[in-house]
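Coordinate analysis (summary)
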Amino acid sequence: MPFFATALGLIVASLNYSATQLPSWGAVLKSCGQPGSPHLNWLIVPCSWSVLLAGRFLLVVVGLSGAVLSYLALATRRRDYKRIGPEGVILRRARDLHNYHAGAGLRDDGLDTAAMIDIRSQLLDTFSEVVPINREVTLQRYHYRARAVLSLLWSLFFALLATCSS
């Protein structure tokens, strides 16, 4: 998260710099020879293309920065991870299995082996239920973080273009 915060801070700084470097629309119209015209006349486009281009780049940067924040919000939202346990339940189940096999007449190594096989089997069943669910949640988070990084990089690129064209 510090990476995103630093990069977004850089984007905001470049937006601030680029936006303050753009001339006012009145100054653009005046320099293009149409001081009183409030409407866009296509004849001024060749004169003001760099200002229009920088303005569009800044709008793209704002949109992409919003996308970064949206994807980060999706990546960090609360999700329902499945947990194994609690530990007390697992221990109680292990004791119950041990007592069951002891009650069946098993002793010493035979008792330990039978209890261990049953405990292992139950834990593997539990893991096999939980792991795919948690993997899917993790993949969703990874997907949103990757999109946030992609939006961030494009935002930095367009912020640089806006700074260079202003």
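Considering a nonpolar patch on the surface
Together, Leu124, Phe127 and Val131 make up a nonpolar patch on the protein surface, roughly 260 Å² of accessible area in all. Here Val131 lies in helix α5 (residues 108-165).

Topic: the nonpolar core
Ranked by size, the top nonpolar core spans 16 residues in total, and within it Phe4, Ile11, Val61, Val68 and Leu152 carry the most contacts. Sorting the residues of this core by element identifies α1 (2-21), α3 (45-76) and α5 as the ones contributing at least two each. At six residues, α3 tops the list of elements feeding residues into this core. Residues contacting Ile11, with those up to four places away along its chain left out, are Val61, Ser65, Leu152, Ser155 and Leu156.

Describing the side chain of Arg79
Within the secondary structure, Arg79 sits in the loop between α3 and α4 (87-103). Despite being buried, Arg79 has no salt bridge partner; Glu136 is the closest side chain of opposite charge, sitting 8.8 Å away. At 2.8 Å, the side chain of Arg79 forms a polar contact with the backbone oxygen of Leu74. Setting aside chain neighbours within four positions, we find Arg79 in contact with Leu74, Val137, Gln140, Arg141 and Tyr144.

Description of unusual backbone geometry
Its identity as a non-glycine residue notwithstanding, Asp108 has a phi of 50 degrees, on the positive side. Mapped onto the secondary structure, Asp108 falls in helix α5.

Scoring rules and cut-offs
- Residues numbered from 1 in each chain as written.
- Predicted model: local features only at pLDDT ≥ 70, side-chain atom pairs only at ≥ 80, totals over all residues.
- Heavy atoms only, no water.
- Patch = residues over 30% accessible without salt bridge, like charges linked within 9 Å, V, L, I, M, F, W, Y side chains within 5 Å.
- Areas by Shrake-Rupley, 256 points an atom, 1.4 Å probe, with all protein chains shown as cover.
- Salt bridge = Lys/Arg side-chain N within 4 Å of Asp/Glu carboxyl O.
- Helix = DSSP H or I, 4+ residues; strand = E, 2+ residues; numbered from the N terminus.
- Core = buried A, V, L, I, M, F, W, Y, C linked by side-chain atoms within 4.5 Å.
- Buried < 20%, exposed > 50% of the residue type's maximum accessible area, 1.4 Å probe, protein only.
- Contact = heavy atoms within 4.5 Å.
- Lys, Arg positive; Asp, Glu negative; His and termini not counted.
- Polar contact = N/O pair within 3.5 Å; in protein donor to acceptor, adjacent residues only side chain to side chain.

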